[in-house]
Amino acid sequence: MIQLKTILNCIDNSGAAIVECAQIVGQKRHASIGDRIVVVVQKQRGAQAEGMAGSSGAKVKRGDIRHAIVVRTKQRVQRRDGSVIRFDDNACVLINKAGDPIGSRINGVVGSELRKKKWSKILSMAPMQA
């Protein structure tokens, strides 16, 4: 259950480490696994000094506004077979306006609910689905 101002981990290699939810795309109050949200990049991955403003070849910088897909949530998700799944953190993958992932690699597990929501490109990049 992702809502406004929720902090999420970014698990792709786009250059963002931590993002904050700014809006849920559509007329919904909460976002779950597979939903599209608008995020603001809060922390850049690999930028140790403040003087490094995107010179490391990152695709996104701090303060950028991007679209993302929620791939893990701490809130329990009930599946059709009766099983319940819950992850340790909230995580997302950054995408462009067309729906293609910005990064070329995903680190970590993603929920298999993405298959039902037609995000097969993200599923194929992920090392494991839970």
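These numbers were taken from a predicted model, which means no experiment stands behind them.

Novice: What's the story with the overall build of the protein chain in this structure? I'm lost.
Specialist: Counting secondary structure elements, the protein chain contains two helices and nine strands. Mapped in sequence order, the helices and strands of the protein chain form the string β-β-β-β-β-β-β-β-α-α-β. A globule of 130 residues ought to have a C-alpha radius of gyration of about 14 Å, and the protein chain, at 14 Å, matches this closely. Counting the 130 residues in the protein chain, one finds 42% classified as buried. For the protein chain, the proportion of contacts with a sequence separation of at least 24, taken over those separated by at least 6, is 52%. Within the structure as shown, the protein chain displays about 7,500 Å² of accessible surface, and the carbon and sulfur contribution to it stands at 48%.

Novice: Looking at this model, I keep getting lost on the sheet that holds strand S3 (residues 36–44). Mind explaining?
Specialist: Through backbone hydrogen bonds, the strands of a sheet pair up, either in parallel or in antiparallel fashion. Strand order in the closed barrel formed by five strands is S1-S2-S3-S4-S7, and the pairing between neighbours is mixed. Neighbouring strand axes in the sheet, compared pairwise and without regard to direction, differ in orientation by 55 degrees on average. Pairing geometry for strand S4 (residues 65–72) and strand S7 (residues 91–95), over five bridges, is antiparallel. Looking across to S7, one finds that Ile69 is bridged to Val93.

Novice: Sorry, what's going on with the environment of Asn96 here?
Specialist: Of note, Asn96 is situated in the loop between S7 and strand S8 (109–110). Its relative accessible area of 31% is what places Asn96 among the partly exposed residues. For Asn96 and Arg66, which are 30 residues apart along the polypeptide, the C-alpha to C-alpha distance reads 7.1 Å. Setting aside anything within four residues of it in sequence, one finds Asn96 in contact with Arg36 and Ile102.

Novice: Would you take a moment to explain the pairing of S4 for this structure?
Specialist: For a regular strand, side chains alternate in direction, first toward one face of the sheet and then toward the other. A large share of S4 lies buried, amounting to six of its eight residues. One ladder, built from five bridges, connects S3 with S4; its direction is antiparallel. Bridge pairing in S4 links Val40 to Ile65.

Novice: Can you help me understand the environment of Gln75 in this one?
Specialist: Relative to the assigned elements, Gln75 resides in the loop between S4 and strand S5 (77–78). In this structure, the C-alpha to C-alpha distance between Gln75 and Asp89, residues 14 residues apart in sequence, is 9.0 Å. Apart from the residues within four sequence positions on either side, Gln75 is in contact with Met1 and Ile85.

Novice: Can you help me understand the pattern of salt bridges in this one?
Specialist: Two side chains of opposite charge can pair, provided their charged atoms sit close to one another. This model, assessed by the stated rule, comprises seven salt bridges. Here Lys117 ties to Asp35 by a salt bridge, and the two come within 2.9 Å at their closest N and O atoms. Taken together, the positions of Lys117 in the loop between helix H1 (113–116) and helix H2 (120–125) and Asp35 in the loop between strand S2 (16–24) and S3 put the pair 82 residues apart, joining distant regions of the chain. Judged by relative accessible area, which is 9%, Asp35 ranks as buried. For Arg66, the salt bridge goes to Asp64, with nearest N and O atoms at 3.8 Å. Under the relative-accessibility criterion, Asp64 is labelled buried at 18%.

The rules behind these values
Residues numbered from 1 in each chain as written. Predicted model: local features only at pLDDT ≥ 70, side-chain atom pairs only at ≥ 80, totals over all residues. Heavy atoms only, no water. Helix = DSSP H or I, 4+ residues; strand = E, 2+ residues; numbered from the N terminus. Rg over C-alpha atoms; globule rule 2.2 N^0.38 Å. Buried < 20%, exposed > 50% of the residue type's maximum accessible area, 1.4 Å probe, protein only. Contact = heavy atoms within 4.5 Å. Areas by Shrake-Rupley, 256 points an atom, 1.4 Å probe, with all protein chains shown as cover. Pairing = 2+ DSSP bridges. Axes fitted to C-alpha atoms, helices over the stretch in contact; angles between N-to-C directions. Salt bridge = Lys/Arg side-chain N within 4 Å of Asp/Glu carboxyl O.

In short, geometric facts, not functional conclusions.
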